[in-house]
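# Summary of the model geometry
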Amino acid sequence: MLPIARRHHCLHTRAHCDLTRRQIQYNSSLAARTTRLAPSSPTTPAQASTRTHARSPTAAPTGARTSTLSIRRAASALAPSTSESALEATSDSTFTSGIGPAGSTMTGTMHAQDAILAKLPAAFDTARASGDLLFFPSTVHTHAEHGVEFEIRLCPALQDKPPLPTPDFSADADAAPAERQEEEKKRPDPFAPPYVPNLYLGEVRDEADGDEYVILFNKYSVVPHHILMVTKEFRSQTAPLIPPDLVQAYLFLIAAQKAGRRFFVFYNCGDLSGASQPHKHLQLIPIEDDGPPVERLARAAQLENEHRPFSLGSLPYANHVRRLPPSLPTAPPSALEPALAHAFLALLDLAIGTVRRAAPAGYPRGPPSYNVVLTLEHMHVVPRAREAHTLAGTGEALSVNALGFAGMLLVKSARELEAVRREGVGAVLRGVGMEGGGEE
C-alpha cells in the first residue's frame with residue numbers, strides 16, 4: 001500500500017496529468033507534511049479519513065516527515081516572496097499566534113484574533129463613514145428545499161457596484177507555477193500594500209511556519225464586519241489551503257466564540273470557484289444564529305463513524321464534509337494543525353476524485369476548482385464544474401461562490417430572486433457543482 005504522500009501525489013497526477021512537476025511536488029509536500037502527524041501503518045483511500053490526529057512525541061523516520069522548511073521551499077516555488085510590506089506592523093495590531101512545538105503554548109495565544117475582532121464595530125463604522133468601505137443594504141428571503149432553509153439575499157445596490165472581472169487562471173494553465181504566479185502578480189492587486197488605513201485591521205503570524213496574513217475589511221460589504229485574511233506574500237488563489245491558513249482562520253472562529261459571536265470561513269479556490277481576485281485570501285463573515293444554513297444540515301447528520309468524511313445526501317450536488325472533534329475549540333493549540341490538516345487533505349482527495357470521475361468535457365486544465373466552508377464543527381469541500389449558472393427565467397448568468405454552498409445565495413434584483421425561487425436553489429448549485437459525492 002502506498003503511503004499517504006505518494007497516494008496523494010498519484011491522485012493529483014491521474015486527475016490532472018497536465019499539472020507541472022512542481023505543482024505535483026507542492027501538493028505532495030502538503031500531504032507529506034501531515035504524515036508526521038499520522039500513524040505509520042498504511043491506509044486505504046477509504047480509511048484515509050480515519051487516521052488518528054496524534055502528534056508523535058518522537059522524531060518520525062527520515063522520509064516519513066516533511067519539515068516546515070521543506071514545505072516552505074515547495075511553496076516558494078509557487079509563490080516567490082514579494083517585497084516587504086510598506087505598512088509596518090504596530091504593537092497594537094500585530095501579534096504572533098500559531099502552533100509551537102508539541103506541548104508548548106502559543107506566544108500571545110489568541111491575542112491577534114481577539115484584538116482584531118474587538119475593534120470590528122468601531123472600525124467598520126469609521127471605514128464606512130470615510131467612504132473607504134462601501135456597504136450595500138440587503139434583505140434576506142428564505143427558501144426551503146433539500147432539507148435546507150436557504151437564504152437568498154437580495155441586494156439591488158450591487159447593480160451599481162463597479163464590475164470586478166473574474167480572474168482568468170486558465171490562460172496560464174500551461175505555464176510553470178512560478179511563471180504563472182509572476183503573471184498573476186503583474187495584474188492589479190487590491191490586497192497589496194500600501195493598504196487603505198481604514199480597511200486595515202491588523203496582521204496575524206503563524207508561529208510554527210512564520211506565515212503572515214493581513215486582515216482587511218471587504219471593501220464591498222453586503223454583511224457588516226465581513227473581513228478578509230490575505231497572505232502577506234503573494235500566493236495564488238488556485239493554491240490549496242495549507243496548515244497555517246487553516247489554523248489561523250480557525251483561531252478567528254474560536255476568538256469569535258469567546259466574544260459571544262459566531263463567524264464562519266470560506267475559501268474560493270480556482271477559476272471556476274467564484275473567486276474575484278487572484279491573490280490568495282480566505283473570507284470570514286458573521287452569522288446571527290447557529291451557523292450557515294448548510295451547517296444545520298451537517299450538524300443533524302447521524303454518523304456511524306465521526307472520524308470519516310460524509311456527504312449530505314439530500315443535496316443534489318457532490319459535497320464532502322468532515323466533522324471536526326467536538327473538543328477542538330477548547331483543545332491545546334498543538335491539536336489544531338493535525339485535526340484541520342487531516343480533515344482538509346481527506347476532503348481534497350475526495351473532491352479531486354469527484355472531478356476525475358465526473359468532470360464535464362472541456363473542464364479546464366490545471367488545478368481543480370472547489371469551495372471550502374469552515375465552521376467550528378465542520379469542514380465542507382465542494383468541487384466545481386462552472387463559475388456561473390444561467391437562470392432559465394432570465395437567461396442571465398448568476399455567479400456562485402462558496403457562500404452559495406453554505407446556503408446563502410446573493411441576487412441583485414427581484415427578477416433574479418424570482419427566477420432562483422422558480423428554478424430552485426438546488427438546481428442552481430447543481431448547475432455549477434458536480435454529480436455524485438457519496439462517501440463509501
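Residues numbered from 1 in each chain as written. Predicted model: local features only at pLDDT ≥ 70, side-chain atom pairs only at ≥ 80, totals over all residues. Heavy atoms only, no water.

Attention shifts here to the packing of aromatic side chains. The description of an aromatic ring pair uses the distance of the two centres, along with the angle that the planes make with each other. Under the counting rule described, the total for this entry stands at seven aromatic pairs. Taking the centre distance of 5.7 Å and the plane angle of 20 degrees together, the rings of Tyr195 and Tyr200 count as stacked. Plain terms: the ring middles of Phe344 and Tyr370 are 6.4 Å apart, the flat faces sit at 50 degrees to each other, and that makes the pair tilted. Note that Phe344 is positioned in helix α8 (residues 336-358) and Tyr370 in strand β12 (residues 370-374), a separation of 26 residues in sequence. Tyr370 shares its class with Phe344; the two are buried. Ring-pair connections join several aromatic residues into one group, and the members of that group are Phe124, Phe135 and Phe217. Lying over the aromatic face of Tyr220, Lys219 brings its terminal NZ or CZ to 5.9 Å of the ring centre. (Phe/Tyr/Trp six-rings, centres within 6.5 Å; stacked < 30°, edge-to-face > 60°. Helix = DSSP H or I, 4+ residues; strand = E, 2+ residues; numbered from the N terminus. Buried < 20%, exposed > 50% of the residue type's maximum accessible area, 1.4 Å probe, protein only. Lys NZ or Arg CZ within 6 Å of the ring centre and 35° of its normal.)

Before going further, it helps to examine helix α11 (residues 425-432). When you tally the buried positions in α11, you get six out of eight residues, the bulk of the element. Within the span of α11, buried status applies to Val425, Gly426, Val428, Leu429, Gly431 and Val432.

On to the packing of helix α4 (residues 111-130) against helix α6 (residues 243-258). Remark: α4 packs on α6, axes separated minimally by 9 Å, with the N-to-C direction vectors making an angle of 55 degrees. Here α6 runs oblique to α4, going by the angle between their axes. Judged by the sense of rotation from one axis to the other, the crossing of α4 with α6 is right-handed. Packed against α4, whose contacting residues are Gln113, Asp114, Ile116 and Leu117, the element α6 presents Gln248, Leu251, Phe252, Ala255, Ala256 and Lys258 at the interface. Residues of the contact of α4 with α6, tallied by class, amount to six nonpolar, two polar and two charged. (Axes fitted to C-alpha atoms, helices over the stretch in contact; angles between N-to-C directions. Parallel < 35°, antiparallel > 145°, perpendicular 65-115°, else oblique. Left-handed = near helix turned anticlockwise from the far one by under 90°. Contact = heavy atoms within 4.5 Å. Nonpolar A, V, L, I, M, F, W, Y, C, P; charged D, E, K, R; others polar.)

The next subject is the confidence of the model for the protein chain. Here the protein chain shows a mean pLDDT of 76. Residues at 70 or above account for 68%. Across residues 1-27, confidence stays below pLDDT 50; counting only partners more than four residues off in sequence or on other chains, it has 65 contacts. With pLDDT under 50 throughout, residues 31-96 is counted as low confidence; its partners more than four residues away or in other chains account for 133 contacts. (pLDDT = per-residue confidence, 0-100.)

Opposite charge on two side chains allows them to pair when their charged atoms are near. One pass over the structure, following the stated rule, counts eleven salt bridges. Among the salt bridges present, the one from Asp114 reaches Lys258, with a minimum N-O distance of 3.2 Å. Of the two residues, Asp114 is situated in helix α4 and Lys258 in helix α6; the sequence distance between them amounts to 144 residues. Residues Glu233 and Arg235 are paired through a salt bridge, measuring 3.6 Å at the closest nitrogen-oxygen approach. It is possible to trace a salt-bridge network through shared partners that takes in Glu151, Asp290, Arg296, Arg299 and Glu377. (Salt bridge = Lys/Arg side-chain N within 4 Å of Asp/Glu carboxyl O.)

Backbone hydrogen bonds are what pair the strands of a sheet, in a parallel or an antiparallel way. Sheet architecture is open: three strands sit in the order β3-β4-β16, paired in mixed fashion. Only two strands of the sheet have a single partner each, and these edge strands are β3 (139-145) and β16 (408-411). Across this sheet, the average inter-strand angle for adjacent strands is 30 degrees, counted without regard to direction. Across four bridges, strand β4 (residues 148-154) lies against β16 in parallel orientation. Note on β16: the bridge partner recorded for Glu151 is Met408. Its contacts with the sheet place helix α7 (residues 293-300) against β4 and β16, and it is angled at close to 170 degrees to β4. (Pairing = 2+ DSSP bridges.)

Turning our attention to the pairing of strand β11 (residues 320-323). Side chains His320 and Arg322 project from β11 onto one buried face, and the interleaved Val321 and Arg323 project onto a second face that is buried too. With four bridges connecting them, β11 and strand β13 (residues 378-383) associate as antiparallel partners. What sits directly across from Arg323, in β13, is His378.

Turning our attention to the side chain of Asp211. Inspection of the secondary structure puts Asp211 in the loop between β5 (200-205) and β6 (212-217). Reaching out from Asp211, the side chain makes a polar contact with the side chain of Arg235 at a distance of 2.8 Å. (Polar contact = N/O pair within 3.5 Å; in protein donor to acceptor, adjacent residues only side chain to side chain.)

Right, let's talk about the nonpolar core for a bit. Residues Phe217, Ile227, Tyr250, Phe252, Leu340, Phe344 and Met379 are the most contacted members of the largest nonpolar core, which totals 51 residues. The leading source of residues in this core is α6, at ten residues. Apart from the residues lying within four places of it in its own chain, the contact partners of Phe217 are Leu120, Ala123, Phe124, Ala127, Leu133, Asn198, Leu199, Leu201, His225, His226, Ile227 and Leu228. Listed in part, the 27 residues of the second largest apolar core include Ala298, Leu391, Val425 and Val428. (Core = buried A, V, L, I, M, F, W, Y, C linked by side-chain atoms within 4.5 Å.)

Right, let's talk about unusual backbone geometry for a bit. Of the consecutive residues Pro193 and Pro194, the connecting peptide bond is found in the cis state with omega at 0 degrees. Mapped onto the elements of the fold, Pro194 is located in the loop between α5 (177-186) and β5. Positioned with a positive phi, His146 is a non-glycine residue whose angle comes to about 55 degrees. The topology assignment puts His146 in the loop between β3 and β4.

What follows covers the environment of Met408. With respect to the helices and strands, Met408 occurs in strand β16. By relative accessible area, Met408 is classed as buried at 10%. Placed 116 residues apart in sequence, Met408 and Pro292 show a C-alpha to C-alpha distance of 7.4 Å. When residues no more than four places from it in sequence are discounted, the contact partners of Met408 are Glu151, Phe264, Ile285, Ile287, Pro292, Pro293 and Leu403.

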